[in-house]
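Here's the letter readout for the chains.
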Amino acid sequence: FFVQTHSLQDLQQPAVSSKVFIQRDYSSGTICKFQTKFPSELESRLDKQQFEETIQTLNNLYAEAEKLGGKSYLEGCLACLTAYTIFLCMETHYEKVLKKIARYIKDQNEKIYAPRGLLLTDPIERGLRVVEITIFEDRSIGSGR
Amino acid sequence: MKNCEYQQIDPRALSVSPSSAQNHTEKKAQRPRRKWEVFPGKNRFFCDGRIILARQSGVLPLTLGLIVVTCGLFFAFDCPFLVEHLTVFIPVIGGVLFVFVVISLLRTSFTDPGILPRATPDEAADIEKQIDTSGSSTYRPPPRTKEILINQQVVKLKYCFTCKMFRPPRTSHCSLCDNCVERFDHHCPWVGNCVGKRNYRFFYSFIISLSFLTSFIFGCVITHITLLIDDMVMLSCLDSSLCTVVELVICFFSIWSILGLSGFHTYLVASNLTTNEDIKGSWSSKRGAEDSGNPYSYNSIMTNCCVTLCGPMPPSLIDRRGLLPPDEATPAASASDIELPLFAAKNDTHMVG
């Protein structure tokens, strides 16, 4: 990598203007699902459509992680038979999907959210309680507008 | 803000750029700390955050001790006799059960039960704001509840003052560990940890295998004593028969409680309930005139069992071994925020449970 020389202006990262928290939706039980209601603070920055698509994809990914089916039962039974020592060497299905989610969020941030001065935080860092969207102050530095 | 700018000129902070995350952590004056070192709950951590225990794990050594001593006596005194008189499979079965019991016990004790990390200050402020707009302006408002619909049934979510968030359904705050635990069952002093979503299956396999082990040893000991009486040699081998009697006493007293507990938990698993809900009678029909019934149950014993015991293993939410993010004073928020998912993902591969 190369070292970039920064001027003081560039070092001043855009200041955080506010944060929006998308809460969990418990209407279907305890599975991990987030509300798709579009928050009013984002109205000036983002399309409702895009937001809903992001949240819906996230919900689908979490549903895939927690899906009950032949594969997860097999994993559970195998784990039980090996006295759960198998988890020491194998990655669980849930963890694999979490990595997928992290990649998806990074991708969304780069393509859609960062150009609009927003940042999605991976819910796993907030204990799967909220999707935190940080709204940066609208400055013209490096926002590519 | 002027102070922050001054700190940015600090050469250590200048190394903060997206591709030099590793250098950044090495150049920090002090060793980077892991999140478990600043964990707010009353837990103890070992092996650099890999193992988690409640603060008061007083009875766990006793549980382990009882199991090991009883099995030790069994292998030393009963097995030689029974191998002669019956079959060589007796110590084999005993050994397998013993190993299973100890592994399940250790997994239950050392696994994160499903602790929810406390709300960040921003989140807490956001929730407070949402609540204040709807009413009271007293300094310490009364316990707040939020009603939601789960599968067409009204469920009340309570606000946790310690963790500063609305508890998800089936979550309860354990006062001994000072943590909110998901699908909180109970705090087991014998195991030295809470039993919650992530370690319930280990707990269940522990008590089931312990029931089998205790019954097995009990059966063998009874057989041994019966055979000894038949052979009329009991008086001549007082030492070994004394140990056998000790085992008999221990097994006799523990078998009732353990079998009872196993039966109770089997009922809970089949109806997808937690001990907490059962004791409080949250879903019993006496409570309200409205439709009550467990909204989480799948109304099929097989499905309930599979879901509770063989369902996917959720990850630990507290990220014990993650490195603490750099100080919030330097406004390098976006750079470190994008780095943090990579850090967490890297560490996740090392995190077991």
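In the nomenclature of an unreviewed UniProt entry, chain B corresponds to Palmitoyltransferase from the organism Lates calcarifer. The Subcellular location (unreviewed entry) field of the UniProt record for chain B holds the comment "Membrane". UniProt's Catalytic activity (unreviewed entry) comment on chain B is quoted here verbatim: "L-cysteinyl-[protein] + hexadecanoyl-CoA = S-hexadecanoyl-L-cysteinyl-[protein] + CoA".

If you check an unreviewed UniProt entry, chain A appears there as Golgin subfamily A member 7 from Lates calcarifer. Here is the UniProt Subcellular location (unreviewed entry) comment for chain A, exactly as written: "Golgi apparatus membrane". UniProt, in the comment section headed Sequence similarities (unreviewed entry), describes chain A in these words: "Belongs to the ERF4 family."

Colleague: Can you tell me about the overall build of chain B, naming the residues and giving the values?
Modeller: Broken down by element type, chain B carries 11 helices and 10 strands. Burial analysis of chain B (353 residues in total) assigns 47% to the buried set. Looking at chain B alone, contacts between residues at least 24 apart form 66% of all its contacts between residues at least 6 apart. Within the structure as shown, chain B displays about 18000 Å² of accessible surface, and the carbon and sulfur contribution to it stands at 64%.

Colleague: Describe the packing of aromatic side chains, and please don't skip the residues or the numbers.
Modeller: Residues and elements named next belong to chain B. The final tally for this structure, using the stated rule, is 10 aromatic pairs over all chains. Judged by centre distance (6.1 Å) and plane angle (70°), the ring pair of Phe-74 and Phe-216 falls under edge-to-face. With Phe-74 in helix α4 (residues 60–85) and Phe-216 in helix α7 (residues 200–231), the pair connects residues that are 142 residues apart, well separated along the chain. For the residue pair Phe-74 and Phe-216, the accessibility class agrees, reading buried in each case. Both rings, one in Tyr-159 and one in Phe-166, keep their centres 5.2 Å apart while their planes meet at 70°; by these two values the pair is edge-to-face. The residues Tyr-159 and Phe-166 share a single accessibility class, namely buried. Chaining the aromatic ring pairs together yields one cluster made of Phe-218, Phe-252, Phe-253 and Trp-256. Across from the ring centre of Phe-166, 4.8 Å away, lies the NZ or CZ of Lys-146, which sits over that ring. Stacked on the ring of Tyr-200, the Lys or Arg Arg-183 has its end atom at 5.5 Å from the ring centre.

Each value, and the rule that gives it
Residues numbered from 1 in each chain as written. Chains lettered and ligands numbered in written order. Predicted model: local features only at pLDDT ≥ 70, side-chain atom pairs only at ≥ 80, totals over all residues. Heavy atoms only, no water. UniProt positions renumbered as here; feature names shortened; annotations may be inferred. Helix = DSSP H or I, 4+ residues; strand = E, 2+ residues; numbered from the N terminus. Buried < 20%, exposed > 50% of the residue type's maximum accessible area, 1.4 Å probe, protein only. Contact = heavy atoms within 4.5 Å. Areas by Shrake-Rupley, 256 points an atom, 1.4 Å probe, with all protein chains shown as cover. Phe/Tyr/Trp six-rings, centres within 6.5 Å; stacked < 30°, edge-to-face > 60°. Lys NZ or Arg CZ within 6 Å of the ring centre and 35° of its normal.

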